[in-house]
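These are the residues of each chain, in order.
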Amino acid sequence: MTTWEMLAVFVAGISAGTINTIVGSGTLITFPVLLATGLPPVTATVSNALGLIPGSVSGAIGYRKELAGQARRVLKFAVGALIGGLTGATLLLALPSTAFEMIVPILVALALVLVILQPRISKAVQRRREHTGTPARHDGGPLLFVGLMLASVYGGYFTAAQGIIYLSLMGMLLDDTMQRLNAVKNVLAAVVNSIAALFFLFVADFDWTAVVLIAVGSALGGQIGARVGRHLSPAVLRILIVAVGTVAIVQLLLR
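**Notes on the overall build of the protein chain**
A tally of regular secondary structure across the protein chain gives 12 helices and 0 strands. Going through the 255 residues of the protein chain one by one, you find that 51% of them count as buried. Working note: accessible area of the protein chain is about 11,700 Å², and carbon and sulfur atoms make up 71% of it.

**Some words on the nonpolar core**
Phe 77, Leu 144, Leu 148, Met 170 and Phe 200 are the most contacted members of the largest nonpolar core, which has 55 residues in total. In contact with Phe 77, not counting residues within four places along its chain, are Asp 139, Leu 144, Leu 148, Met 170, Leu 174, Val 184 and Leu 188.

**Considerations on the confidence of the model for the protein chain**
Note: predicted coordinates in regions of low pLDDT should not be interpreted at a detailed level. In the predicted model, the protein chain carries a mean pLDDT of 81, and the fraction of residues at 70 or more is 81%. Ranking the elements of the protein chain by mean pLDDT puts helix 7 (residues 103-132) last with 65 and helix 11 (residues 208-229) first with 91.

**Overview of helix 11**
Relative to the 32 Å expected for 22 residues at 1.5 Å per residue, helix 11 spans 30 Å between its end C-alpha atoms, a close match to the ideal helical length. Residues of helix 11 that are buried: Ala 210, Val 211, Leu 213, Ile 214, Ala 215, Gly 217, Ser 218, Gly 221, Gly 222, Gly 225, Ala 226 and Gly 229. Contact partners of the buried residues in helix 11: helix 1 (3-22), helix 2 (27-36), helix 3 (41-51), helix 4 (53-62) and helix 10 (178-203). Backbone nitrogen of Thr 209 and a side-chain oxygen of the N-cap are separated by 3.2 Å at the start of helix 11; the cap is Asp 207.

**Remarks on the packing of helix 1 against helix 11**
It is the contact of helix 1 with helix 11, at a shortest axis distance of 6 Å, that shows an interaxial angle of 35°. Considering how the two elements wind past one another, helix 1 and helix 11 form a crossing that is right-handed. In terms of residue class, the contact of helix 1 with helix 11 is built from 13 nonpolar, 11 polar and no charged.

**A look at the side chain of Ser 56**
Mapped onto the fold, Ser 56 is located in helix 4. The exposure class of Ser 56 is buried, given its relative accessible area of 9%. Those residues in contact with Ser 56 that lie beyond four places of it in its chain are Asn 186, Ala 189, Ala 190 and Asn 193.

**Here we look at the environment of Ala 161**
Mapping Ala 161 onto the fold places it in the loop between helix 8 (141-157) and helix 9 (162-173). The spacing of Ala 161 and Asn 20 is 141 residues in sequence and 8.8 Å in space, taken between C-alpha atoms.

**Topic: helix 4**
Burial runs high along helix 4: 7 of the 10 residues are buried. Those residues of helix 4 that sit buried are Ile 53, Gly 55, Ser 56, Ser 58, Gly 59, Ala 60 and Gly 62.

**Side note on the environment of Ile 29**
Turning to its location among the elements, Ile 29 is positioned in helix 2. Remark: the alpha-carbon pair of Ile 29 and Ala 16, spanning 13 residues in sequence, is separated by 6.1 Å. For Ile 29, the contacting residues outside a window of four places in its chain are Ala 12, Ser 15, Ala 16 and Ile 19.

**Considering the side chain of Asn 193**
Within the element layout of this structure, Asn 193 appears in helix 10. Of the polar contacts made by the side chain of Asn 193, one reaches the side chain of Ser 56; its length is 3.1 Å. If sequence neighbours within four positions are ignored, Asn 193 has contacts with Ala 49, Leu 52, Ile 53, Ser 56, Thr 159 and Gln 162.

**Section: the pattern of salt bridges**
Scanning all chains against the criterion turns up 2 salt bridges. With a shortest N-O distance of 2.9 Å, Arg 180 and Asp 176 are connected by a salt bridge. For Asp 176, a relative accessible area of 23% corresponds to the partly exposed category. Salt bridges here are not isolated pairs; linked through shared partners, they connect Arg 73, Asp 176 and Arg 180.

**So, a nonpolar patch on the surface**
On the surface, a nonpolar cluster with roughly 700 Å² of combined accessible area is contributed by Val 42, Leu 93, Leu 198, Leu 201, Phe 202, Val 203 and Trp 208. Sort the elements by how many residues they give to the nonpolar patch and helix 10 lands first, with 4 residues. With respect to the helices, strands and loops of the structure, Phe 202 is situated in helix 10. On the basis of relative accessibility, which here comes to 69%, the residue Phe 202 falls in the exposed class.

Rules and cut-offs
- Residues numbered from 1 in each chain as written.
- Predicted model: local features only at pLDDT ≥ 70, side-chain atom pairs only at ≥ 80, totals over all residues.
- Heavy atoms only, no water.
- Helix = DSSP H or I, 4+ residues; strand = E, 2+ residues; numbered from the N terminus.
- Buried < 20%, exposed > 50% of the residue type's maximum accessible area, 1.4 Å probe, protein only.
- Areas by Shrake-Rupley, 256 points an atom, 1.4 Å probe, with all protein chains shown as cover.
- Core = buried A, V, L, I, M, F, W, Y, C linked by side-chain atoms within 4.5 Å.
- Contact = heavy atoms within 4.5 Å.
- pLDDT = per-residue confidence, 0-100.
- Expected span 1.5 Å × (residues − 1).
- Polar contact = N/O pair within 3.5 Å; in protein donor to acceptor, adjacent residues only side chain to side chain.
- Axes fitted to C-alpha atoms, helices over the stretch in contact; angles between N-to-C directions.
- Left-handed = near helix turned anticlockwise from the far one by under 90°.
- Nonpolar A, V, L, I, M, F, W, Y, C, P; charged D, E, K, R; others polar.
- Salt bridge = Lys/Arg side-chain N within 4 Å of Asp/Glu carboxyl O.
- Patch = residues over 30% accessible without salt bridge, like charges linked within 9 Å, V, L, I, M, F, W, Y side chains within 5 Å.

Okay, here's the thing in structure tokens:
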């Protein structure tokens, strides 16, 4: 890499770490930059996955206050994320690169619709619980576990917009604040990135310059994202999610 390319990758890492902590989809910043430096797509994907681990961990640490009291929930979801992330990483190397290109924009679009409708859906679910006398489940039940695990399969495969999918599923099935759900999202992203990168270490080629630059940048971005994100109101956070997700869909369709 040239000096300017290294600087571009580092700045992309900071941006990705920041936006991943607040919303998700940071890969849509780093991945094109890595491709522009001349890296092959698979090498860029696996280098990006390893480099973003410090950013995910940094974001989760930044949201540690919102994680209080969620240990049991996070542990359960992390098991599904681990299984899904490993499956997705395996699929990346086993399937042709076009395998997910058709379904990914559809998944992201569906997630955005759920984010927009989440307040109404949550109220409808709450009314139904009150009518039937069914208590709310702290962990969202089997449906949420399976949904998050499937989202983690996608995350292990590409990672872009997985955070948006996580937030849409949890927002629909859990009775909790967006900030606390965002904190859980950051932990799940860290789990998926870590297990996928660990798998790639043994079976794929990395560009270690890119890995180090993204790692340092994303770690800084994770702290920035935590400081900014926790001060956003639920409505503003929801608008930001929709805006970033819309950009993600456009970029995915134009690839």
